[in-house]
Amino acid sequence: KISIIIPSFNQGQYIEETIRSILLQGYPRLELHVIDGGSTDNTVEIIRKYEPWLSSWVSEKDSGQSEAINKGFGRCSGEIFNWICSDDLLTQGALEMIAETFLRIPEADVVSGACIFQYDNGPQESEVKLVERENWLAVPYSAAIWQPSCFFRRSLILRKQLVREDLHYCMDRELWTYLCEGNSRWEWCDHPLSIYRFTGENKSVVGGQKIIDELDRIYREYVKEVVPLPFLLRKIWLPLVLTNACNSSMLIRFASLRASRAVALVLLALYPTVRVRALQREFHGYSIN
């Protein structure tokens with residue numbers, strides 16, 4: 001039995017396609033709950049249209065996506081679980097493939113698959129993204145694990161909440177880290193299981209500094225260091241990198257580039273390379289965006 005929840009808020013232009021992509025899987029033991037945050041557009045009208053095929057639905061004010069996910073998780077009884085945001089989709093046959101994998105490998109705790117990145121404003125840029133498996137265990141908070149393509153056993157969750165409600169951008173990354181801390185066994189699938197739709201308003205696109213703040217918190221909570229690596233990257237390395245990228249003076253840009261490289265070499269000597277490189281990539285990417 002697979003349980004899926006759809007957290008939603010004012011996504012009436014997308015949610016019907018999302019619901020249909022799940023129901024039309026034709027999976028016989030599907031449990032589908034829609035948790036809406038009190039939408040004021042046509043979302044509720046669409047949900048009611050599919051009510052006969054839903055396990056439950058609710059539309060009421062909440063504190064955000066994390067609370068909606070937890071609320072839905074509390075309603076679920078399936079052994080395998082995932083949530084699908086109301087602007088994302090499952091690919092045809094995804095649930096059958098997930099079920100078959102868990103049955104074929106009964107010791108598997110998590111099955112993580114590839115994802116299709118669909119750019120609404122630039123369809124020609126759409127592409128299949130595989131999971132980045134190399135060194136992923138050392139940096140699950142940073143590894144490319146695509147949330148709508150990641151299904152896991154409900155029994156792995158031994159804490160009160162599935163996702164942290166104080167996290168609004170990286171709750172999934174914290175969950176991956178939590179699962180890894182519990183020595184869960186992960187299996188990988190190179191077949192795309194979902195479609196992540198880039199609308200231009202995705203939290204991962206507009207989050208910027210808030211995403212960096214949450215990644216910093218997750219790192220410090222799970223990786224204990226006398227001087228936390230994120231502190232040094234944010235206070236010393238990143239300002240130098242941004243100065244090199246933005247300053248109009250060629251002299252200052254040259255000096256900041258040399259200084260940032262020197263700082264990076266020191267950090268690479270003091271901290272595990274995979275952690276330094278992962279946070280450099282994340283902090284730089286979200287600062288530029």
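Rules used in this analysis
Residues numbered from 1 in each chain as written. Predicted model: local features only at pLDDT ≥ 70, side-chain atom pairs only at ≥ 80, totals over all residues. Heavy atoms only, no water. Helix = DSSP H or I, 4+ residues; strand = E, 2+ residues; numbered from the N terminus. Rg over C-alpha atoms; globule rule 2.2 N^0.38 Å. Buried < 20%, exposed > 50% of the residue type's maximum accessible area, 1.4 Å probe, protein only. Contact = heavy atoms within 4.5 Å. Areas by Shrake-Rupley, 256 points an atom, 1.4 Å probe, with all protein chains shown as cover. Lys, Arg positive; Asp, Glu negative; His and termini not counted. Charge placed at Lys NZ, Arg CZ, Asp CG, Glu CD. Polar contact = N/O pair within 3.5 Å; in protein donor to acceptor, adjacent residues only side chain to side chain. Axes fitted to C-alpha atoms, helices over the stretch in contact; angles between N-to-C directions. Parallel < 35°, antiparallel > 145°, perpendicular 65-115°, else oblique. Left-handed = near helix turned anticlockwise from the far one by under 90°. Nonpolar A, V, L, I, M, F, W, Y, C, P; charged D, E, K, R; others polar. Phe/Tyr/Trp six-rings, centres within 6.5 Å; stacked < 30°, edge-to-face > 60°. Core = buried A, V, L, I, M, F, W, Y, C linked by side-chain atoms within 4.5 Å. Pairing = 2+ DSSP bridges. Right-handed = clockwise from strand over helix to strand, strands pointing away. Expected span 1.5 Å × (residues − 1). Bend = angle between axes of the 7 residues up to and from the residue.

Undergrad: Is there a simple way to think about the overall build of the protein chain in this case?
TA: A count of helices and strands for the protein chain gives 10 helices and 9 strands. Computed over the C-alpha atoms, the radius of gyration of the protein chain is 20 Å, within 12% of the 19 Å expected from 2.2 N^0.38 for a compact globule of 289 residues. Along the first, second and third principal axes, the C-alpha set of the protein chain runs to 65 × 40 × 35 Å. Taking all 289 residues of the protein chain together, the buried fraction comes to 52%. Partitioning the intrachain contacts of the protein chain with sequence separation of at least 6 by distance along the chain shows that 74% fall at a separation of at least 24. When the accessible surface of the protein chain is totalled, it reaches about 13,900 Å², and 53% of it is carbon and sulfur. Here the protein chain carries 32 positive and 36 negative side-chain charges, and the mean point of each set is 5 Å from the other.

Undergrad: What's the story with the environment of S256 in this structure? I'm lost.
TA: Within the element layout of this structure, S256 appears in helix 9 (residues 250–270). Judged by relative accessible area, which is 5%, S256 ranks as buried. Residues S256 and D216, 40 residues apart in the sequence, show an inter-C-alpha distance of 23 Å. In contact with S256, not counting residues within four places along its chain, are L240, T243 and N244.

Undergrad: Sorry if this is basic, but what is going on with the side chain of R153 here?
TA: Mapped onto the elements, R153 comes out in strand 8 (residues 150–153). By relative accessible area, R153 is classed as buried at 10%. A distance of 3.1 Å separates the side chain of R153 from the backbone oxygen of P106, its partner in a polar contact.

Undergrad: How should the packing of helix 7 (residues 209–222) against helix 10 (residues 273–288) be read in this particular structure?
TA: Helix-helix packing is described using two parameters, namely the angle between the two axes and the distance between the axes. In the contact formed by helix 7 and helix 10, the axes pass within 9 Å of each other and the chain directions differ by 160 degrees. On the basis of the axis angle, helix 7 is roughly antiparallel to helix 10. At the point where helix 7 passes helix 10, the crossing takes the left-handed sense. For the pair helix 7 and helix 10, the contacting residues are I211, I212, L215 and Y219 in the first and R275, L279, E282, F283, Y286 and S287 in the second. Split into classes, the residues belonging to the contact of helix 7 with helix 10 amount to 7 nonpolar, 1 polar and 2 charged.

Undergrad: Would you mind going over the packing of aromatic side chains with me for this structure?
TA: By convention here, two paired aromatic rings are described through the distance between centres and the angle between planes. Scanning all chains against the criterion turns up 13 aromatic pairs. Between the aromatic rings of F73 and F81, the centroid separation amounts to 4.8 Å while the plane-to-plane angle is 80 degrees, which identifies the pairing as edge-to-face. As far as burial versus exposure is concerned, F73 and F81 are alike and both buried. Ring geometry for F81 versus F152: centroids 5.6 Å apart, planes at 65 degrees, classification edge-to-face.

Undergrad: Is there a simple way to think about the nonpolar core in this case?
TA: A general trend in soluble globular proteins is that nonpolar side chains are found buried together. Core analysis: the largest hydrophobic core is formed by 57 residues, its most contacted members being W83, F152, L162, L175, L179 and W186. Excluding anything up to four places from it in sequence, L179 contacts V110, F152, L156, I157, S184 and W186. I22, I84, F102 and A108 belong to the second-largest nonpolar core, a separate cluster that totals 27 residues.

Undergrad: Looking at this structure, I do not really get the pairing of strand 3 (residues 56–59). What am I missing?
TA: Moving residue by residue along a regular strand, the side chains alternate between the two faces of the sheet. Of the two faces of strand 3, the one lined by S56 and V58 is fully buried and the one lined by W57 and S59 carries no buried residue. Of the pairings in the sheet, the one linking strand 2 (residues 30–36) to strand 3 comprises 4 bridges and is parallel in character. Its bridge partner lying in strand 3, V34 is registered against W57. One crossover worth recording links strand 2 to the parallel strand 3 by way of helix 2 (residues 43–49), and it is right-handed.

Undergrad: Sorry, what's going on with the side chain of R164 here?
TA: Considering the arrangement of structural elements, one finds R164 in the loop between strand 8 and helix 5 (171–181). Take R164: its relative accessible area is 18%, and that puts it in the buried class. Within polar-contact distance, the side chain of R164 engages the side chain of D166 at 2.8 Å.

Undergrad: Please explain helix 8 (residues 229–246) as it appears in this structure.
TA: Quick reminder: α-helices carry 3.6 residues per turn. Residues three or four places apart thus point the same way. Compared with an ideal rise of 1.5 Å per residue, which puts 18 residues at 26 Å, helix 8 spans 24 Å between its outermost C-alpha atoms and is within 8% of the ideal. A bend of about 40 degrees at W237 is the largest found in helix 8, and the proline P239 appears one to four places after it. The set of residues buried in helix 8 consists of L229, P230, L232, L233, W237, L238 and V241. Against helix 7, helix 9 and helix 10 lie the buried residues of helix 8.

None of the figures reported here should be taken as evidence of function without further support.
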